[in-house]
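# Descriptive analysis of the structure
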Amino acid sequence: MATTQANDAVAPDEQKLAQLKEFIAQTRQDEHPDSFLIAVLHRAQELYGYLPVPVMDEVAEAMGIPTAHIWGVATFYHYFNLTPPGQHVISICLGTACYVRGAGQILQTLKDELKIDVGQVTEDGLFSLQPARCLGACGLAPVVMIDDKIHGDLTPKKMVQILNQYRKQAKK
Amino acid sequence: MDSNKITITINDQQYKVDPGQTVMQAADKCGYRIPRLCYHPKLSIEGACRVCIVQIEGVRNYVASCAYPVADGMKIYTNTKELRRARRDIVELLLDNHPMDCHTCDRDGNCELQRLAYSMGIRQRHFEGERKHYEKDLSSTSVIRDPDKCILCGRCVRMCSEIQGVHCLTQAHRGFNTVVMPAYNLPFAESVCTACGQCINVCPTASFVEKNYTQDLFEKLNDPDLITVAQVAPSVRAAIGEGFGLPPGRNMEGQIAATLRHMGFNYVFDTQFSADLTIMEEASEFLERVQSKGPLPLITSCSSAWMKYMEQFYPDLIENISTAKSPMSMASAMIKTYFAEKIKVDPKKILSVAFMCCTAKKYEAARPELEVRGMRTTDIVITTRELVWMAKSAGIDFVNIKPEKFDEPLGLSSGAGAIFGVTGGVMEAAIRTAYELYTGETLIDIELNDIRGFKGVKEAKVMLDGQELRLAVAHGLGNAHQVLEMVRKDRSRFHFVEVMGCPGGCIGGGGQPYPLVNSIPLDEECLKLRAQALYGLDREKTIRRSHENPDVQRLYREFLGRPLSEKSHELLHTHYKAKLPRGIVSPELKIV
């Protein structure tokens, strides 16, 4: 069985780091600053798209929380990415309504087309694939969200067309 | 008289007990021992394993007795048919995700899970489900991590953070995929692990074991070209008997010396001798710093886990650390120089083996900073546990063997050398010698009771020629953290600080025998008995001060010159430097 390994130790972007540290500094005013760990990790993921090891080190230092504890939290919640996501994040809804309307086939199409499994990134780094439970668009089932955009009433054929649009855009 | 007591019923019998305790604690005092696994009295309550469930009248579900408070009038059942079955099922389910390799396991016969399964009456396996499989972490010089054997009781994680303050381990991921690992799933060797081995001590299974060097040693003992030289740490003799079923607290040094010779060692020396040597150097260093206003407090450096902790967590205190090497490394340096010259042998032909109560000594032995004239000085480190196994495997009647003495010239020790193994002992030994070297007078009351015992942090004052010296002693790295924070805030608060990495000092080391059947890991009563064995050794000796050890005097006369001489500095002193990954000191730590 493989467990997640530490990701690449590239020095984190200075400007983003300054923003993150400012956010941490605000939480230090609170009576229980430690309780903001999850909020801080959320902020870090917003900034970097995932949780790079050097960023977790910085969080540990700034909050006085041992890295092992941060690692425990970061690996516990599926929300946190420990590897860099693709340029476009595809969330496929696997909720009841979407599933009944064929989300399983859409997922299979995505896996075949992108040659990745759920939780992975394509070789060219363009897409990553993650499951979602309900996106609140059951009327359009089955739906997929790519970044912030919802694509509904999908068929396998339509799904491939959408992917191709993104690919074309990326080539420009 | 009993006005504060409450009445509870356990299995239809009435008992008067103190309020404010858990059902398990109350039952313990009434002659019950509810089966348990993740519970340890020194650690926080996890309530994870559910083995200690009991039935309480009026409560719908079974409750974990380790986490449930007693109340007046409570009716508790600990042994109903349903409970026994539920408990057995719980343990069976634990076993379901555990390898079925007891007879080839490192802890066969010493395993808490095995004992528990036996006492639950598990004679066949009913459940067969998916079983986890991960690679072992073999990266560390000292500790092996095998997640396959882990039952996720969390004792190691709590030990590492709550008692040791190292916070190396965490339970990462969730559910069936949960694994105990260091941050970022780093190999142990690259983590903040201090190699103290306390995770091994508290692990109920073989998920943590020491890196075993016994086969290597057996092989080398058969090499006719090697001169094999052993040294034995003080705490090994105080605990090894437990590995053969003897009660704790018997001094077995004679049996150890005889056993090692039976195993084929050419010379058997005593680390207590070099403890005396350490005191000569360290006490002199202390006096020099007091007189020349050098960096104070002086902080002891003989605990290897503590040294790694210091380099990662407190590198700002490096100038305060004594440059004197540990007794093990001093003995090894003397074996490969002074002794090699004496017996006219090329030191490269000498195999220097240290028998230690410690897993971190395996790490220390491999440190390049401790090399002497380009040579590694301690070739192999064997823990007390490994020695127990070796003696059994070699077919030696350890318990009944005729005791023998250690060899000269590195075998004679003072009482001060013996107490090195107990928290406070190094300080006490150093003060005995420093006082007399400084004042030229005899210290009458040489037993420093203020720094004896198992309080986490102990403080004392001694008068040295009109000057008050303030001393502090800490054992367990979490307690060390308390003292070091005091030092960080006010460097003039103490003159001399002793730190031992393990609870109780070396007697509670990470390489000591697994607990006896009716005991628990790091049981304080057991530690007290081991300590008494060493204090007893001290009291029996006519020579109780390191500087009066005639063989130490001879070593200085014939070889080293005087303490802190150029040669001493070359062979007996070293320097440390900051190491990564940097440890994060958690502010929540409390004294235990």
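Residues numbered from 1 in each chain as written. Chains lettered and ligands numbered in written order. Predicted model: local features only at pLDDT ≥ 70, side-chain atom pairs only at ≥ 80, totals over all residues. Heavy atoms only, no water.

## Some points on the overall build of chain A
The condition that has to hold: Only DSSP runs of H or I with at least four residues qualify as helices, and only runs of E with at least two residues qualify as strands; both kinds are numbered from the N terminus onward. Note on exposure labels: buried denotes an accessible area under 20% of the residue type's maximum, exposed denotes more than 50%, and partly exposed covers the range between, all computed with a 1.4 Å probe on protein chains only. By definition in these notes, contact holds between two residues if any of their heavy atoms fall within 4.5 Å.
In terms of regular secondary structure, chain A is built from seven helices and four strands. The N-to-C order of helical and strand elements in chain A reads α-α-α-α-β-α-α-β-β-β-α. In terms of principal-axis extent, the alpha carbons of chain A reach across some 50 × 35 × 35 Å. Taken over 172 residues, chain A has a buried fraction of 43%. Long-range pairs, those at least 24 residues apart, make up 62% of the contacts in chain A with a sequence separation of at least 6.

## A word on the overall build of chain B
Worth spelling out the cut-off: Every radius of gyration here is taken over C-alpha atoms, with the globule rule written as 2.2 Å times N^0.38, N being the number of residues. Method for areas: the Shrake-Rupley scheme with a 1.4 Å probe, in which residue coverage is limited to the protein chains shown. Counted charges follow a simple rule, with Lys and Arg positive, Asp and Glu negative, and His plus the chain ends left uncounted. Working definition for charges: the position is that of NZ of Lys, CZ of Arg, CG of Asp or CD of Glu.
A count of helical and extended segments in chain B gives 19 helices and 17 strands. Since a compact globule built from 592 residues should have a radius of gyration of about 25 Å, the 25 Å found for chain B is in line with a globular shape. Judged by the C-alpha coordinates and their principal axes, chain B covers about 75 × 60 × 50 Å. A burial count over chain B gives 62% of its 592 residues as buried. Contacts in chain B between residues at least 24 apart in sequence constitute 75% of all its contacts with a sequence separation of at least 6. Total accessible area on chain B is roughly 23200 Å²; 50% of this is exposed by carbon and sulfur atoms. A gap of 3 Å separates the mean positions of the 73 positive and 73 negative side-chain charges of chain B.

## A closer look at the domain arrangement of chain B
Residues and elements named next belong to chain B. Selection criterion: Source of the domain bounds: an automatic or database domain assignment. Note on definitions: buried area is the accessible-area loss of two parts on being combined, 1.4 Å probe, summed for both.
Segmentation of chain B into domains returns domain 1 (6–79), domain 2 (143–210) and domain 3 (215–572). The centre of domain 1, based on its C-alpha atoms, is set 28 Å off from the matching centre of domain 2. Taken residue by residue, the interface counts nine residues in domain 1 and ten residues in domain 2. Summed over both partners, the interface of domain 1 with domain 2 comes to about 810 Å²; 58% of that surface belongs to carbon and sulfur atoms. Of all residues in domain 1, Leu37, Leu43 and Glu46 bury the most surface against domain 2, accounting for 58% of the area lost on that side.

## Here we look at the packing of helix α2 (residues 37–48) of chain A against helix α4 (residues 67–76) of chain A
What describes two packed helices is the angle between their axes and the distance between those same axes. Residues and elements named next belong to chain A. As a reminder, the rule being used: Each axis is a line fitted through C-alpha atoms, taken for helices only over the stretch in contact, and angles between the N-to-C directions span 0 to 180 degrees. Note on terminology: angles under 35 degrees are roughly parallel, angles over 145 are roughly antiparallel, angles of 65 to 115 are roughly perpendicular, and the others are oblique. Polar here means any residue outside two lists: the nonpolar Ala, Val, Leu, Ile, Met, Phe, Trp, Tyr, Cys and Pro, and the charged Asp, Glu, Lys and Arg; Gly therefore counts as polar.
The N-to-C vectors of α2 and α4 enclose an angle of 70°; their axes lie 11 Å apart at closest approach. Between α2 and α4, the interaxial angle falls into the category roughly perpendicular. Contacts between α2 and α4 involve Leu37, Ile38 and Leu41 from the first element and His69, Ile70 and Val73 from the second. Per-class residue counts for the contact of α2 with α4 are five nonpolar, one polar and no charged.

## So, the interface of chain A and chain B
Size of an interface: often given as the accessible area lost when the parts come together. Our working rule: One speaks of a salt bridge when a side-chain nitrogen belonging to Lys or Arg is within 4 Å of a carboxyl oxygen belonging to Asp or Glu. By the criterion applied in these results, polar contacts are pairs of N or O atoms within 3.5 Å in which, for protein atoms, one can donate a hydrogen and the other can accept it, and in which residues neighboring in sequence qualify only through two side-chain atoms.
Across the contact, 23 residues belong to chain A and 26 residues belong to chain B. The junction of chain A with chain B conceals about 2000 Å² of combined surface from both sides, 59% of it contributed by carbon and sulfur atoms. Counting every contact that joins chain A to chain B gives one salt bridge. A salt bridge links Glu61(A) to Arg582(B); the nearest nitrogen and oxygen atoms lie 3.0 Å apart. In this structure, the connection of chain A to chain B is made through five residue pairs in polar contact (both at pLDDT 80 or more). Put simply, the parts of the chain that give the side of chain A that touches chain B at least two residues each are α3 (53–63) and α4 of chain A. Among the elements that take part in the side of chain A that touches chain B, α4(A) stands out by supplying seven residues, more than any other. Here the side of chain A that touches chain B is composed, by residue class, of eleven nonpolar, nine polar and three charged.

## A closer look at the pattern of salt bridges
All names here are of chain B. Applying the stated criterion across every chain, the model contains 47 salt bridges over all chains. Put simply, Arg261 and Glu404 hold a salt bridge, and the shortest N to O gap is 2.6 Å. Of this pair, Arg261 sits in helix α8 (residues 253–263) while Glu404 is found in the loop between α13 (384–393) and α14 (415–418), placing the two residues 143 residues apart along the sequence. Judged by its relative accessible area of 30%, Glu404 is partly exposed.

## Considerations on the side chain of Ser91(A)
Residues and elements named next belong to chain A. By the element assignment, Ser91 lies in strand β1 (residues 88–93). Looking at Ser91, the relative accessible area reads 6%, which means it is buried. There is a polar contact of 3.4 Å between the side chain of Ser91 and the side chain of Gln130. Each residue touching Ser91, except ones within four places of it in the same chain, is listed here: Gln130, Ala132, Leu135, Val144 and Met145.

## Considerations on helix α7 (residues 156–171) of chain A
Residues and elements named next belong to chain A. Applicable threshold: How far a helix is expected to stretch is found by multiplying one less than its residue total by 1.5 Å. To obtain the arc, one takes the directions from the helix axis to the C-beta atoms.
Between its first and last C-alpha, α7 extends 23 Å over 16 residues, near the 22 Å set by a 1.5 Å rise per residue. Listed in full, the buried residues belonging to α7 are Met159, Ile162, Leu163 and Tyr166. Taken around the axis of α7, the buried residues stretch over an arc of 95°, which confines them to a single face. Exposed positions of α7 whose direction lies more than 90 degrees from the buried face are Lys157, Gln165, Lys168 and Lys171. In this fold, the buried residues of α7 make contact with β1, α6 (103–114), β2 (127–132), β3 (144–146) and β4 (149–151).

## A word on the side chain of Arg158(B)
Residue and element names in this part refer to chain B. With respect to the element layout, Arg158 can be found in helix α4 (residues 155–163). Look at Arg158 and you get buried, because its relative accessible area is 4%. In contact with Arg158, other than residues within four places in its own chain, are Cys38, Leu43, Ser44, Ile45, Glu46, Cys153 and Ile163.

## Details of the environment of Ala170(A)
Take Ala170(A): it is sitting in helix α7. Residues Ala170(A) and Leu126(A), spaced 44 residues apart in sequence, show a C-alpha to C-alpha distance of 8.1 Å.

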